[in-house]
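Remarks on the overall topology
Below, each chain spelled out in residue letters.
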Amino acid sequence: MRKRTWWIWGILLLAAAGMWVWAVGSRDKGQDEEKDSIRLGILLYRGDDTFISNVRQALEEQAKLYEQENQIKVVLNIEDAKESQNTQNNQVERMLSLGYDALCVNIVDRSTASTMIDDAIRADVPIVFFNREPVEEDLCRWEKLYYVGADAKESAVLQGQIVVDCYKEDPSSIDLNGDGKVDYVLLEGETSHQDSLIRTEWSIQTLKDGGVPLEKLTGGIANWERSQASALMEQWLEQFPGQIELVISNNDDMALGAIDAIERLQVKEKINVVGIDGTPQGVQALERGMLLGTVQSDRTKYAHGIFTIAAALALDEDPASKILLEDGRYYWTDQEALVK
Ligand code: GAL
């Protein structure tokens, strides 16, 4: 008899526990459905990088637009890692501990993403990486990891094609001294950045495939930076006086650095310079006739991609129902060649 009473009490207790779990679960669900604000962390590898600061601005615009269209308050916390992965890891940890709904990470060192991915998985906070692409094995470790960027091969092919088109229309516009070869110098971004390697390879390949007779004079790494590129270009102009006909740059800022050196040294001969990014500064140089061409990535679409995915994740919605993704986790922004 005593034994039977214990059984009954046990079953009652189990039922009560079950109901409690169900009640808490549905209360949390209810809260998510009613969410009227989201908190997103934006982590930048270097805040004073021209292209990145343009994307940042566009992200702020997206947040405002989203608030107006959805009546959902958006809190954006933007942090600058100033090129330190350690600093960025600490920023990530802090945001995770503060319960941010999603993080958008422009990672400093793309080969070390696994540390922050571990932290994010533990805290169950999704990450949208952008511009600096983690390796595929890292990105595939969790279904709440995404990547937004501009396809590096596409940028390079478009850049190369600008020169090919000019050459085909009038070879002397590219082979400036008419000696049957185009002497060029190459300005490259960070060695560890996927965009540098792919852009260099495909830009040169496109020029070769397009029949431009290339001859490399020299090249160097200027880490996307205008001042570093300017210093290199000054050196090359002194080393190869009157010889450089074309500057191929992995981005606009370095192209602008090369132009700074050309202007500083008051070089009389024409030199063609091509960049990538289509930053406002790059477009200005294009309009001044100093830049032959650039490849603009649509920064509104870029920021829209990052923001849409992050906001959906923050609201527990499926990003794929909001925006077209490749392989379920990649969003590539549109690009176009700009020439004067
Ligand atoms: C590249 C861009 C560069 C620089 C770099 C930073 O895609 O073209 O200008 O911003 O990203 O990661």
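Attention in this report is confined to the structure presented alongside it. Since the model is a prediction, treat every value here as computed from it, not as a measurement. (Residues numbered from 1 in each chain as written. Predicted model: local features only at pLDDT ≥ 70, side-chain atom pairs only at ≥ 80, totals over all residues. Heavy atoms only, no water.)

What follows concerns the nonpolar core. In this structure, M233 and I244 are the most contacted members of the largest nonpolar core, which totals 64 residues. If one sorts the elements of this core by residue count, helix α11 (residues 299-314) sits on top with nine residues. Residue contacts for I244: discarding those within four places in its chain leaves D183, V185, L217, M233, W236, L237, K270 and I271. (Core = buried A, V, L, I, M, F, W, Y, C linked by side-chain atoms within 4.5 Å. Buried < 20%, exposed > 50% of the residue type's maximum accessible area, 1.4 Å probe, protein only. Helix = DSSP H or I, 4+ residues; strand = E, 2+ residues; numbered from the N terminus. Contact = heavy atoms within 4.5 Å.)

What follows covers the packing of helix α3 (residues 85-97) against helix α4 (residues 113-123). One way to put it is that α3 packs onto α4 with a least axis distance of 10 Å and a crossing angle of 5 degrees. Classed by the angle they form, the pair α3 and α4 counts as roughly parallel. The segment α3 lies against α4, with Q85, Q88, N89, V92, E93 and L96 engaging T115, M116, D119, A120 and A123. Residues that form the contact of α3 with α4 fall into these classes: five nonpolar, four polar and two charged. (Axes fitted to C-alpha atoms, helices over the stretch in contact; angles between N-to-C directions. Parallel < 35°, antiparallel > 145°, perpendicular 65-115°, else oblique. Nonpolar A, V, L, I, M, F, W, Y, C, P; charged D, E, K, R; others polar.)

If you walk through the whole model with that rule in mind, you get five aromatic pairs. Where Y147 meets W332, the ring centres are 5.7 Å apart and the plane angle is 65 degrees; that geometry is what we call edge-to-face. Within this pair, whereas Y147 is found in strand β5 (residues 145-149), its partner W332 is found in strand β11 (residues 330-332), the two being separated by 185 residues in sequence. Note on W332: relative accessible area 25%, which makes it partly exposed. (Phe/Tyr/Trp six-rings, centres within 6.5 Å; stacked < 30°, edge-to-face > 60°.)

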